[in-house]
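If you want the building blocks of each chain, they are given just below.
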Amino acid sequence: MDKPTGHRRLKLLSANIQAGSSTRRYSDYATRSWSHVLPMGKRLSLDTIAQLAGRHDIVGLNESDPGSLRSGFTNQTHYLAQRGGFHYWSHQPNRRVGGVASSANGLLSKLEPVEVIDHALPGRIAGRGVLLARFGDDKASLTIAVAHLSLGAQSRASQLAFIAELLHDHPHAVLMGDFNCDVDRPEMAALFRRTRLQPPQHAVPTFPSWSPQRAIDHILLGDGLTHHHARALPAAQSDHLALSLELDVPMAAIRG
């Protein structure tokens with residue numbers, strides 16, 4: 001399908017990269033637990049993820065280590081930006097486990113954002129956040145939000161309510177990340193009521209990566225946007241598949 005006149009087509013990717021760790025079956029969570037605290041093998045995984053990311057224009061990352069023991073003190077978002085050919089990158093460290101492991105949301109972009117803001121999200125346990133990037137000069141500009149939501153439904157509901165306040169009247173908003181829930185949950189329905197974000201026409205299973213059964217990673221779009229070719233792709237050996245799509249954005253919604 002051709003892109004509409006006056007639009008630019010962008011390729012988006014959302015990936016929970018599990019800090020470059022390898023998980024290929026449920027038993028690996030126990031037998032390969034060392035990979036969550038030691039750096040061995042992660043550089044090869046990151047190079048594979050960088051190849052995938054580099055085929056896209058804007059990438060949202062979850063569980064990207066900002067520099068701790070398990071990543072060999074490498075800021076993984078920065079590393080992926082360099083290896084994937086992204087001129088612009090930002091990250092939001094949000095969880096630290098005793099200095100051994102740390103986790104962040106990340107943004108990689110080949111377009112220059114006008115601004116990038118990080119917000120802490122509410123929840124029973126502190127440490128979740130949403131990274132917000134704007135690519136135009138007014139409230140109708142393309143706005144990308146990257147989030148990693150909590151496992152608990154009550155915390156997710158409060159987090160999505162917070163995000164809804166940020167995105168409530170944005171026709172060209174994109175919310176991407178690991179939601180830890182399917183799209184038909186009550187807290188997701190509340191998000192759709194309070195914003196112009198639309199539920200996906202077809203859920204794409206992303207978890208677990210070796211036998212995907214649940215669609216818990218999402219790229220949600222405002223009603224002023226259209227997309228094509230949504231599909232799940234391996235993110236090296238992460239326990240999540242990455243989610244990719246092509247997005248038609250009005251030129252007026254992007255600076256330059």
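The text that follows walks through the structure, step by step, so that each part is easy to find. (Residues numbered from 1 in each chain as written. Predicted model: local features only at pLDDT ≥ 70, side-chain atom pairs only at ≥ 80, totals over all residues. Heavy atoms only, no water.)

Another point: the sheet that holds strand β5 (residues 115-120). Strand order across the open sheet formed by six strands is β5-β6-β7-β8-β10-β9, with mixed pairing between neighbours. Of all the strands in the sheet, just β5 and β9 (197-198) have a single pairing partner and so form its edges. Alignment of strand β8 (residues 173-178) against strand β10 (residues 217-222), held across five bridges, turns out to be antiparallel. Within β10, the position partnered with Asp 178 by the bridge is Asp 217. Docked against the sheet, helix α4 (residues 153-167) engages β5, β6 (129-134), β7 (143-148), β8 and β9, running at close to 15° with respect to β6. (Pairing = 2+ DSSP bridges. Helix = DSSP H or I, 4+ residues; strand = E, 2+ residues; numbered from the N terminus. Contact = heavy atoms within 4.5 Å. Axes fitted to C-alpha atoms, helices over the stretch in contact; angles between N-to-C directions.)

Note on placement: Asn 180 falls in the loop between β8 and α5 (186-194). Owing to a relative accessible area of 14%, Asn 180 belongs among the buried residues under this scheme. In terms of polar contacts, Asn 180 uses its side chain to reach the backbone carbonyl oxygen of Leu 149, at 2.8 Å. (Buried < 20%, exposed > 50% of the residue type's maximum accessible area, 1.4 Å probe, protein only. Polar contact = N/O pair within 3.5 Å; in protein donor to acceptor, adjacent residues only side chain to side chain.)

A few words on helix α3 (residues 76-84). Listing the buried residues of α3 in full gives Gln 76, Thr 77, Tyr 79, Leu 80, Ala 81 and Gly 84. Two or three places before Thr 77, at the opening of α3, Asn 75 has a side-chain oxygen 3.1 Å from that residue's backbone nitrogen. Once α3 ends, the next one or two residues include Gly 85, with phi positive near 80°.

A few words on the packing of helix α2 (residues 42-53) against α3. It is at 9 Å that the axes of α2 and α3 come closest, and there the two elements cross at 50°. Comparing the axis directions of α2 and α3 gives the class oblique. In this structure, the crossing between α2 and α3 has a hand that is right-handed. Residue-level inspection shows Lys 42, Arg 43, Leu 46, Asp 47, Ile 49 and Ala 50 of α2 in contact with α3, the latter providing Gln 76, Tyr 79, Leu 80, Arg 83 and Gly 84. Partitioned by chemical class, the residues of the contact of α2 with α3 number five nonpolar, two polar and four charged. (Parallel < 35°, antiparallel > 145°, perpendicular 65-115°, else oblique. Left-handed = near helix turned anticlockwise from the far one by under 90°. Nonpolar A, V, L, I, M, F, W, Y, C, P; charged D, E, K, R; others polar.)

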